Amino acid sequence: VINFGGGRVMETFCGLKQKEVINVCDGFRFGYVNNLVIDTCCGKITDLIVPVQSKNGIFYSKDKEYVIPWEKICRIGKDIILVEVNTAEVCRKVD
C-alpha cells in the first residue's frame, strides 16, 4: 500500500495478489487475484481476474476464471477484497 497523503492511498498489484476476494452477497470465497484487465486507452483497471479452484480447493481450473468488474469492489482491506456480484455471472470460460 502506498499512502500519498490527504487520504489518497494506492495499492500495488503484488499487494492485490495477496488479498482474498470475498462476495458480500453470499460469503463465497473466490480466491486470490492472479491478473488484472486494464483499459489501455484510459489506463484504468476494469476487472480483477481470479482463477476458479477445483472442488478439492488445491488445483485451479485451466478453462474457467472469475472476471470481477472493478466497479463491483465494495472495499479493499488489509487482507481481503470485498465485492458485490452474482457469482454465476462472473464465472467465464478462458479463451
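Here goes a summary of the coordinates provided. (Residues numbered from 1 in each chain as written. Predicted model: local features only at pLDDT ≥ 70, side-chain atom pairs only at ≥ 80, totals over all residues. Heavy atoms only, no water.)

Attention shifts here to the overall build of the protein. On a plain count of helices and strands, the protein comes out with two helices and 10 strands. Each helix and strand of the protein, placed in order from N terminus to C terminus, yields the pattern β-β-α-β-β-β-β-β-β-β-α-β. Long-range pairs, those at least 24 residues apart, make up 37% of the contacts in the protein with a sequence separation of at least 6. Accessible area for the protein stands at about 6,700 Å²; split by element, carbon and sulfur atoms hold 52% of it. (Helix = DSSP H or I, 4+ residues; strand = E, 2+ residues; numbered from the N terminus. Contact = heavy atoms within 4.5 Å. Areas by Shrake-Rupley, 256 points an atom, 1.4 Å probe, with all protein chains shown as cover.)

Strands sit in the order 4-3-9-8 across an open sheet of four strands; the sheet is mixed. Edge positions in the sheet fall to strand 4 (29-32) and strand 8 (73-76), since each of these pairs with one other strand and no more. The average undirected angle you get between the axes of adjacent strands in this sheet is 20 degrees. Relative to strand 9 (residues 80-83), strand 3 (residues 20-23) runs parallel, the two sharing four bridges. If you follow Glu20 over to strand 9, its bridge partner there is Ile80. (Pairing = 2+ DSSP bridges. Axes fitted to C-alpha atoms, helices over the stretch in contact; angles between N-to-C directions.)

Our focus in this paragraph is the nonpolar core. Val21, Phe30, Ile68, Ile81 and Val83 are the most contacted members of the largest nonpolar core, which totals 15 residues. Contributing elements (two or more residues each) for this core: strand 6 (44-53), strand 7 (60-69) and strand 9. Examining the composition of this core, we find that three residues originate from one element, strand 6, more than from any other. Setting aside residues up to four positions removed in sequence, Ile81 forms contacts with Leu16, Lys19, Glu20, Val21, Ile22, Val33, Leu48, Ile73, Arg75 and Ile76. (Core = buried A, V, L, I, M, F, W, Y, C linked by side-chain atoms within 4.5 Å. Buried < 20%, exposed > 50% of the residue type's maximum accessible area, 1.4 Å probe, protein only.)

This part is about the pairing of strand 5 (residues 35-39). As paired elements, strand 5 and strand 6 share five bridges and run antiparallel to each other. Within the sheet, the bridge partner assigned to Leu36 lies in strand 6 and is Leu48. Taking the residues that link successive antiparallel strands as the turn, the strand 5-strand 6 hairpin has four residues, and the phi of Gly43 there is positive, at about 75 degrees.

Another aspect to go through is the side chain of Asn23. Tracing the sequence through the fold places Asn23 in strand 3. Exposure remark for Asn23: the relative accessible area of 1% places this residue in the buried category. A distance of 3.1 Å separates a polar atom in the side chain of Asn23 from the backbone nitrogen of Cys25. Setting aside chain neighbours within four positions, we find Asn23 in contact with Phe28, Phe30, Val83, Glu84, Val85 and Thr87. (Polar contact = N/O pair within 3.5 Å; in protein donor to acceptor, adjacent residues only side chain to side chain.)

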